[in-house]
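# Residue-level structural notes
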Amino acid sequence: MSVLTEHVRHEIDGWLAKFPAEGRQSAVLGALRAAQHDNGGYLTVDLMDGVAEYLGLAPITVYEVASFYSMLETEPVARHSVSICTNISCMLCGADDIVAHVEERYGVRIGESTPDGRVFFKREEECLAACCGAPMMMVDHRYHENLTIAKVDEILDALE
């Protein structure tokens with residue numbers, strides 16, 4: 001029996017349909033995101049092995065992808081994932097102040113989850129590709145741009 005749920009296998013099949021049969025490896029990232037989402041926000045070795053088996057790939061191929069991309073987590077994290085861009089455009093527009101504010105307000109450092117398991121502040125992101133809306137952050141894969149400390153508080157306070 002597969003460790004992957006029927007829903008995840010269906011999602012993977014959707015990714016596989018986008019690529020030629022010999023390009024199964026191209027579906028790894030989408031497959032891992034589906035498995036992570038289905039597992040409460042992180043990947044286990046069993047899930048990565050399940051993805052490798054389902055795609056007919058060597059497990060190391062899947063592990064390499066899971067350890068490379070910052071949107072994939074291999075340890076349990078909080079319910080909501082927050083990435084604050086700290087690249088040059090965002091830094092020049094106040095990202096360092098935003099990082100300092102959330103660390104002080106929530107009592108955690110970037111790379112940690114809040115004690116209540118509500119918010120995970122991902123390690124600092126090099127660039128989230130929204131320089132024209134700096135400073136910005138991504139919350140559960142949704143962009144929030146032109147941030148102020150008050151706007152950050154409003155967004156984070158609205159998370160359940």
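Above this text sits the structure in question.
Reading guide: rules and limits
- Residues numbered from 1 in each chain as written.
- Predicted model: local features only at pLDDT ≥ 70, side-chain atom pairs only at ≥ 80, totals over all residues.
- Heavy atoms only, no water.
- Phe/Tyr/Trp six-rings, centres within 6.5 Å; stacked < 30°, edge-to-face > 60°.
- Lys NZ or Arg CZ within 6 Å of the ring centre and 35° of its normal.
- Helix = DSSP H or I, 4+ residues; strand = E, 2+ residues; numbered from the N terminus.
- Buried < 20%, exposed > 50% of the residue type's maximum accessible area, 1.4 Å probe, protein only.
- Core = buried A, V, L, I, M, F, W, Y, C linked by side-chain atoms within 4.5 Å.
- Contact = heavy atoms within 4.5 Å.
- Pairing = 2+ DSSP bridges.
- Axes fitted to C-alpha atoms, helices over the stretch in contact; angles between N-to-C directions.
- Disulfide = S-S within 2.5 Å.
- Expected span 1.5 Å × (residues − 1).
- Arc of directions from axis to C-beta.

## A closer look at the packing of aromatic side chains
All chains considered together, the criterion is met by 2 aromatic pairs. Centroid distance Phe 68 to Tyr 69: 4.9 Å. Interplanar angle 85 degrees. Geometry classified as edge-to-face. Over the aromatic face of Trp 15 sits the side chain of Lys 18, whose NZ or CZ is 5.3 Å from the ring centroid.

## Quick word on unusual backbone geometry
The general pattern is negative phi for most residues beyond glycine and trans for most peptide bonds. The omega torsion across Ala 134 and Pro 135 is -10 degrees, close enough to zero to call that bond cis. Of note in the backbone geometry, Ala 129 takes a positive phi value of approximately 65 degrees without being a glycine. Here Ala 129 lies in the loop between strand S2 (119-121) and strand S3 (137-139). Looking at Ala 129, the relative accessible area reads 64%, which means it is exposed.

## Regarding the nonpolar core
Formed by 21 residues in total, the largest nonpolar core has its most connected members in Ile 12, Val 28, Leu 32, Leu 43, Val 51, Leu 55 and Val 62. Among the secondary structure elements, those contributing two or more residues to this core are helix H1 (6-16), helix H2 (28-38), helix H3 (45-55) and helix H4 (59-68). When sequence neighbours within four positions are dropped, the list of residues in contact with Ile 12 reads Leu 4, Ala 31, Val 51, Tyr 54 and Leu 55. Counting residues in each nonpolar core, the second largest holds 17 residues, with Ile 84, Tyr 106, Val 108 and Leu 147 among its members.

## Observations concerning the sheet that holds S2
In a beta sheet, neighbouring strands are held together by backbone hydrogen bonds and run either parallel or antiparallel to one another. What the 4 strands build is an open sheet, ordered S2-S1-S3-S4; its pairing is mixed. The open sheet has two edge strands, S2 and strand S4 (142-144), and neither has a second partner. Between one strand axis and the next, the sheet turns through 25 degrees on average, direction left out of account. Alignment of strand S1 (residues 80-84) against S3, held across 3 bridges, turns out to be antiparallel.

## Things to note about the environment of Ser 89
For Ser 89, the position within the fold is in helix H5 (residues 88-92). Counting along the chain gives 12 residues from Ser 89 to His 101, while the straight-line C-alpha distance between them is 18 Å. Look past the residues within four positions of Ser 89 in its chain and what remains in contact with it is Cys 131 and Ala 134.

## Description of the environment of Met 71
Within the secondary structure, Met 71 sits in the loop between H4 and S1. Residue classification places Met 71 among the partly exposed positions, given a relative accessible area of 25%. Taking the C-alpha atoms as reference points, Met 71 and Asp 46, 25 residues apart in sequence, are found 19 Å from one another. Apart from the residues within four sequence positions on either side, Met 71 is in contact with Leu 29, Arg 33, Gln 36, Lys 122 and His 141.

## Remarks on the state of the cysteines
One pass over the structure, following the stated rule, counts 0 disulfides. This cysteine, Cys 127, is not joined by any disulfide, and Cys 131 carries the nearest cysteine sulfur, 4.5 Å off. Overall, the relative accessible area of 38% leaves Cys 127 in the partly exposed class. Overall, the relative accessible area of 44% leaves Cys 131 in the partly exposed class.

## Brief notes about helix H6 (residues 95-106)
Across its 12 residues, H6 extends 16 Å between first and last C-alpha, which sits within 8% of the 16 Å expected from 1.5 Å per residue. Turning to H6, its buried residues are Ala 95, Ile 98, Val 99, Val 102, Glu 103 and Tyr 106. The buried residues of H6 occupy an angular sector of 130 degrees when projected down its axis, which confines them to one face. For H6, the exposed residues lying more than 90 degrees away from the buried face are Asp 97 and Glu 104. Against the buried residues of H6 lie S1, H5, S2 and helix H7 (149-157).

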